[in-house]
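If you want the building blocks of each chain, they are given just below.
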There are 2 protein chains.
Amino acid sequence: MASDNQDTSPLIERLNDAMDSGAFAQVRRMINRGLPPQDVAHLLESSPPKERDLLWQMIDPELQGDVLQYLSDDIQMIYLKRMNPEEFLTATEGLETDDIADLLQQLPDTIIQEVLVSMDAQDRHRVEAVLSYPEDTAGGLMNTDTITIRADITIDVVMRYLRRHQSLPESTDSLLVVSRKDHFIGVLPITRMLVSDPNITVREVMDTDCIVIKADMPDSEVANLFEKFDLISAPVVDDDDTLLGRITIDDVVDVIREDADHSLMSMAGLDEDEDTFSPVLLTARRRAVWLGINLLTAFLASAVIGIFDETIEKVVALAVLMPIVASMGGIAGSQTLTVVIRGMALGHISSSNTPWLLNRELIVGVINGTLWAVVVAGVAVLWFNDLTLGFIIGAAIVINLIVAVLAGAALPLILKWMKIDPALAGSVLLTTVTDVIGFMAFLGLATVFYLS
Amino acid sequence: MASDNQDTSPLIERLNDAMDSGAFAQVRRMINRGLPPQDVAHLLESSPPKERDLLWQMIDPELQGDVLQYLSDDIQMIYLKRMNPEEFLTATEGLETDDIADLLQQLPDTIIQEVLVSMDAQDRHRVEAVLSYPEDTAGGLMNTDTITIRADITIDVVMRYLRRHQSLPESTDSLLVVSRKDHFIGVLPITRMLVSDPNITVREVMDTDCIVIKADMPDSEVANLFEKFDLISAPVVDDDDTLLGRITIDDVVDVIREDADHSLMSMAGLDEDEDTFSPVLLTARRRAVWLGINLLTAFLASAVIGIFDETIEKVVALAVLMPIVASMGGIAGSQTLTVVIRGMALGHISSSNTPWLLNRELIVGVINGTLWAVVVAGVAVLWFNDLTLGFIIGAAIVINLIVAVLAGAALPLILKWMKIDPALAGSVLLTTVTDVIGFMAFLGLATVFYLS
């Protein structure tokens with residue numbers, strides 16, 4: 001993923017040059033006429049705070065909403081906060097319902113109410129429909145701009161009905177067939193309509209055995225359905241099968257990207273919305289918290305070492321070698337942890353295959369523990385000319401690697417069961433385990449052999 | 001991402017029960033008639049090797065290709081290797097060109113040739129077109145099943161032409177307009193065709209200002225274009241603008257998922273195709289390599305400690321506290337590393353904003369280094385009742401945190417410039433830096449203060 005894709009750097013440099021030389025009119029023209037809003041958003045995300053603010057102020061007010069919807073949550077928030085309800089309405093005019101709702105959801109409730117009352121009745125109704133569902137559910141993801149038809153009309157009538165539109169909503173790959181009471185009946189894929197005899201009815205060609213999404217389905221499940229069945233859009237219904245709207249693949253792609261980023265970022269104590277160019281103080285504060293949590297782990301490890309200070313005083317080689325034991329455990333454990341967290345995200349891991357998985361990790365731990373124990377023991381014996389030391393470190397590595405892989409596999413399962421995010425808490429807890437067990441095993445064995 | 005989406009566990013349990021009780025006929029029926037191939041693939045991916053092999057053998061030969069295309073590369077390989085060219089042809093009959101090419105690409109060249117000669121001329125020609133481009137480019141990703149039209153005919157003629165088809169290719173959201181010599185001219189979005197007057201020509205409504213993809217564009221760039229412009233499909237052309245095929249969003253979603261997984265998995269020395277249930281020996285061998293590489297790092301750290309063994313012998317508290325210095329550096333560095341690797345993947349980081357980024361990291365390192373140095377120094381003074389020790393560890397933490405964040409930011413940039421995968425090599429190198437600098441600063445300062 002480390003390719004230099006989307007490298008807008010020549011553009012950024014040209015903009016930087018233009019800004020440095022004060023050619024603001026030129027920059028303004030480039031932003032407001034030359035570039036698609038996606039590129040402007042990308043440019044903002046690739047700019048340090050000061051340049052970012054300058055750029056933002058140059059965007060025409062009515063284009064700001066277009067750009068906003070492509071920004072990450074972190075940065076959206078910065079600029080949304082500075083808008084009053086009127087500015088918000090100007091900026092978001094013409095956006096799709098789900099995108100307006102997404103932006104609104106970031107604002108405090110009082111502002112949301114102010115914005116809603118200023119909207120016209122139809123828009124308000126639509127946005128409220130989306131807002132009534134949590135952001136991370138199908139309902140929060142859906143769009144209300146569906147084209148609905150009845151089952152008893154002919155294809156020819158449908159075609160004439162469509163021709164009365166100025167344009168069809170984006171990503172329209174199928175028409176939704178509903179009853180008189182707006183109950184969902186089926187879908188008519190446009191590609192199927194195009195190859196059908198114009199004189200037959202919708203009922204004869206429509207698809208009733210299609211994927212229908214309940215409004216309260218979590219968005220990651222929606223993403224999995226889209227991925228699995230190569231969907232472009234899917235209807236969203238409530239518990240009574242009343243059609244509420246539809247979800248389109250472009251919004252699902254965002255969910256997939258965010259979900260996939262989540263594990264990576266969480267394992268380093270970061271948020272998946274993290275702004276690459278977030279300002280110094282915000283960055284320092286957020287990271288300080290994570291450092292503090294990890295410091296507790298480190299102190300715990302130190303406390304364990306402290307128990308054995310007499311042993312270390314006697315055999316200083318222990319201090320030299322002890323990081324090896326902890327580090328090998330940490331690496332082995334984090335490999336297992338990563339595999340299990342990803343396997344859980346992909347839905348691979350269930351109660352029926354967990355025993356096999358734990359068993360495999362145990363055997364892998366024994367094999368790799370033994371292999372590297374022999375290597376490290378050999379090096380230790382040659383280095384310090386001390387057979388006992390070789391035996392002690394070898395045994396400690398076997399113990400720590402087995403504990404590490406079992407903890408790496410079990411921790412995410414336990415955390416998930418406790419409804420704690422395994423990607424966030426898993427790595428800290430794992431390090432605690434591998435440090436404590438590693439130092440305890442190594443120094444404990446050493447105390448037995450050298451001090452008794 | 002740790003939700004229990006796609007939880008097929010009840011299904012797996014039913015299958016397990018059926019298998020345990022030897023009800024193979026029932027399992028076979030469930031797999032071959034009840035389940036979509038995506039679910040069968042998911043079931044295979046969620047099964048340990050023995051159950052997986054049993055399940056695979058129960059899949060009807062002509063369904064195996066359908067299932068294969070949804071499996072991850074690792075598992076595909078296992079079953080592809082066992083097929084002879086005839087079985088491959090039976091299994092892949094009816095698959096799309098790009099999917100057949102994807103599967104073929106995993107096989108040795110001699111087998112590819114054998115399969116190609118057994119294909120009929122048209123299919124061979126199509127598959128060869130895709131195979132002639134690397135798997136990770138637009139050409140390797142494309143499909144050749146395009147519907148092409150001429151610019152000078154009317155919409156009505158297009159509609160009648162379409163009606164002569166049995167069905168249209170999947171994810172057909174637009175028709176591709178080409179010249180007599182197959183040069184790409186523009187696209188006619190189906191939704192636009194449907195709202196157009198049937199008597200006007202394609203030329204009048206087609207879109208010539210659309211995204212066109214060159215066959216040699218890297219797949220991650222293709223994914224970024226699709227994501228940025230909410231595309232469902234896009235035409236692929238060669239350097240002469242001759243139309244070669246089209247790329248559809250379903251294949252792009254797989255690229256997005258794989259790219260996003262890559263950073264997560266690589267940072268733990270794993271492959272993004274890693275099979276959650278890979279067998280013991282394969283797992284042990286792969287992980288052993290990564291442990292070995294990290295062991296070198298650990299030995300290096302030990303060697304640094306070894307230099308200062310006299311100091312440690314004198315002040316054993318140093319051995320107790322030294323993991324804290326290394327660990328704080330490791331955490332701070334890996335946060336920066338993760339942010340930068342992700343920022344690079346998103347195309348945020350360029351030469352013009354790198355100085356700002358390094359500067360921010362430096363300041364964040366100073367702030368957080370100072371903050372936690374004070375805390376750790378305070379604890380150390382209280383714990384060991386030694387002011388000098390507090391000063392030494394505080395100074396070492398400030399030094400190590402600053403070096404850590406700078407290394408975390410600079411390493412991925414340097415590695416990328418050297419064309420080495422930053423996600424894979426970055427974390428090992430970073431640990432080396434934070435361990436060596438951490439121990440060196442702490443124990444070095446201690447030697448100056450206690451031994452002189």
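These numbers were taken from a predicted model, which means no experiment stands behind them.

Calculation criteria
Residues numbered from 1 in each chain as written. Chains lettered and ligands numbered in written order. Predicted model: local features only at pLDDT ≥ 70, side-chain atom pairs only at ≥ 80, totals over all residues. Heavy atoms only, no water. Buried < 20%, exposed > 50% of the residue type's maximum accessible area, 1.4 Å probe, protein only. Helix = DSSP H or I, 4+ residues; strand = E, 2+ residues; numbered from the N terminus. Pairing = 2+ DSSP bridges. Right-handed = clockwise from strand over helix to strand, strands pointing away. Contact = heavy atoms within 4.5 Å. Axes fitted to C-alpha atoms, helices over the stretch in contact; angles between N-to-C directions. Left-handed = near helix turned anticlockwise from the far one by under 90°. Nonpolar A, V, L, I, M, F, W, Y, C, P; charged D, E, K, R; others polar. Expected span 1.5 Å × (residues − 1). Bend = angle between axes of the 7 residues up to and from the residue. Polar contact = N/O pair within 3.5 Å; in protein donor to acceptor, adjacent residues only side chain to side chain. Least-squares fit on C-alpha atoms with pLDDT ≥ 70 in both. Patch = residues over 30% accessible without salt bridge, like charges linked within 9 Å, V, L, I, M, F, W, Y side chains within 5 Å. Areas by Shrake-Rupley, 256 points an atom, 1.4 Å probe, with all protein chains shown as cover. Salt bridge = Lys/Arg side-chain N within 4 Å of Asp/Glu carboxyl O. Lys, Arg positive; Asp, Glu negative; His and termini not counted. Charge placed at Lys NZ, Arg CZ, Asp CG, Glu CD. UniProt positions renumbered as here; feature names shortened; annotations may be inferred. Buried area = accessible area lost by both parts, 1.4 Å probe.

Q: Looking at this structure, how should I read the pairing of strand 2 (residues 174-178) of chain B?
A: Residues in a regular strand project their side chains so that they alternate between the two faces of the sheet. Residue and element names in this part refer to chain B. Buried residues dominate strand 2, accounting for 5 of its 5 residues. Taking every second residue as pointing to the same face, both faces of strand 2 are buried, with Ser-174, Leu-176 and Val-178 on one and Leu-175 and Val-177 on the other. With 2 bridges connecting them, strand 1 (residues 148-149) and strand 2 associate as parallel partners. Within the sheet, the bridge partner assigned to Ile-149 lies in strand 2 and is Val-177. As a crossover connection, the stretch from strand 1 through helix 12 (residues 155-163) into strand 2 is right-handed. With 5 bridges joining them, strand 2 and strand 3 (residues 184-189) adopt antiparallel strand pairing.

Q: Before we go on, may I ask you to explain the environment of Pro189(B) in this structure?
A: All names here are of chain B. As for its position among the elements, Pro-189 is in strand 3. When its relative accessible area of 17% is taken as the criterion, Pro-189 is described as buried. The spacing of Pro-189 and Val-205 is 16 residues in sequence and 9.0 Å in space, taken between C-alpha atoms. Ignoring anything within four residues of it in the chain, the contact list for Pro-189 reads Asp-173 and Ser-174.

Q: Got a minute to help me understand the sheet that holds strand 2 (residues 174-178) of chain A in this structure?
A: Sheets are built from strands paired through backbone hydrogen bonds, the pairs being either parallel or antiparallel. As summarised here, the arrangement of the 3 strands in space is 1-2-3 (chain A), forming an open sheet in which the pairing is mixed. Each having just a single partner strand, strand 1 (148-149) and strand 3 (184-189) of chain A make up the two edges of the open sheet.

Q: Looking at this structure, how should I read the packing of helix 17 (residues 280-307) of chain A against helix 20 (residues 354-384) of chain B?
A: The geometry of a pair of packed helices is captured by two quantities: the angle between their axes and the separation between those axes. The interhelical angle for the contact between helix 17 of chain A and helix 20 of chain B, taken along N-to-C directions, is 35°, at an axis separation of 10 Å. For the pair helix 17 of chain A and helix 20 of chain B, the sense of crossing is right-handed. Across the interface between the two elements, Val280(A), Leu281(A), Thr283(A), Ala284(A), Arg287(A), Ala288(A), Leu291(A), Gly292(A), Leu295(A), Phe299(A), Ser302(A) and Ala303(A) of helix 17 of chain A pack against Arg360(B), Glu361(B), Ile363(B), Val364(B), Ile367(B), Asn368(B), Leu371(B), Trp372(B), Val375(B), Val376(B), Val379(B) and Trp383(B) of helix 20 of chain B. Here the contact of helix 17 of chain A with helix 20 of chain B is built from residues that sort into 17 nonpolar, 4 polar and 3 charged.

Q: Even after reading the chapter, I still don't get helix 21 (residues 387-417) of chain B, so can you show me in this structure?
A: Residue pairs spaced three or four apart in an α-helix point in one direction, given the helix's 3.6 residues per turn. Residues and elements named next belong to chain B. If you check helix 21, its first and last C-alpha atoms are 45 Å apart, about what 31 residues at 1.5 Å a residue would give, namely 45 Å. Of all the bends found along helix 21, the most pronounced is centred on Ala-410 and spans about 30°, while Pro-412, a proline, follows it within four residues. Near the N-terminus of helix 21, the side chain that reaches the backbone nitrogen of Thr-388, with its oxygen 3.0 Å away, is that of Asp-386. Backbone geometry just after helix 21 places Lys-419 at a positive phi near 60°.

Q: Sorry, what's going on with the relation of the copies chain A and chain B here?
A: What relates the pair of chain copies is a rotation about an axis plus a shift along that axis. The two copies are related by a screw motion: chain A maps onto chain B through a turn of 180° and a shift of 0.0 Å along the axis, at an RMSD of 0.0 Å. Such values leave the two copies arranged in the relation of a two-fold axis. In terms of proximity to the rotation axis, the leading residue of chain A is Leu264(A), whose C-alpha is 2.5 Å off the axis. When you check the interface residues of chain A against chain B, 100% turn up at the interface there too, and the contact is symmetric in its surfaces.

Q: Please explain a negative patch on the surface as it appears in this structure.
A: Residues and elements named next belong to chain A. Residues Glu-135, Asp-136, Asp-254 and Glu-258 make up a contiguous surface patch of negative charge. Topologically, Asp-136 is positioned in the loop between helix 10 (121-131) and helix 11 (138-141). Taking relative accessible area as the criterion, Asp-136 reaches 46% and is therefore assigned partly exposed.

Q: What is the right way to read the sheet that holds strand 6 (residues 243-248) of chain B from this model?
A: Residue and element names in this part refer to chain B. Pairing in this open sheet of 3 strands is mixed, and the strands run 4-5-6 from one edge to the other. At either margin of the open sheet sits one strand with a lone partner, and together these are strand 4 (213-214) and strand 6. Summarising the sheet, strand 5 (residues 233-237) and strand 6 pair through 5 bridges and their orientation is antiparallel. Note that in strand 6 the partner of Ser-233 across the bridge is Thr-248.

Q: What's the story with a nonpolar patch on the surface in this structure? I'm lost.
A: On the surface, Leu281(A), Leu362(B), Ile363(B), Val366(B) and Ile367(B) cluster together to form a nonpolar patch covering roughly 380 Å² of accessible area. Take the nonpolar patch: its biggest share by element is 4 residues, from helix 20 of chain B. On the secondary structure map, Leu281(A) appears in helix 17. Leu281(A) gets classed as exposed once you look at its relative accessible area, which sits at 63%.

Q: How do you make sense of the UniProt feature "transmembrane region" (unreviewed entry) in chain A when you look at a structure like this?
A: The feature "transmembrane region" (unreviewed entry), as annotated in UniProt, sits at residues 288-308, 320-341, 362-384, 390-415 and 427-451 of chain A in this numbering. Each end of residues 427-451 of chain A is marked by a C-alpha atom, and these two atoms are 34 Å apart; helix forms 100% of the span and strand 0%.

Q: Looking at this structure, I do not really get helix 3 (residues 37-45) of chain A. What am I missing?
A: Burial within helix 3 of chain A is extensive, with 8 of its 9 residues counted as buried. Along helix 3 of chain A, the positions that sit buried rather than exposed are Gln38(A), Asp39(A), Val40(A), Ala41(A), His42(A), Leu43(A), Leu44(A) and Glu45(A).

Q: When you look at the interface of chain A and chain B in this model, what are you seeing that I'm missing?
A: How large an interface is tends to be reported as the accessible area lost when its parts come together. Contacts between the two partners involve 136 residues from chain A and, on the opposite side, 136 residues from chain B. Note on chain A versus chain B: buried area summed over both sides is about 12400 Å², and carbon and sulfur give 66% of it. Along the contact surface separating chain A from chain B lie 8 salt bridges. The partner of Arg287(A) in a salt bridge is Glu361(B), with the nearest N and O atoms 2.8 Å apart.

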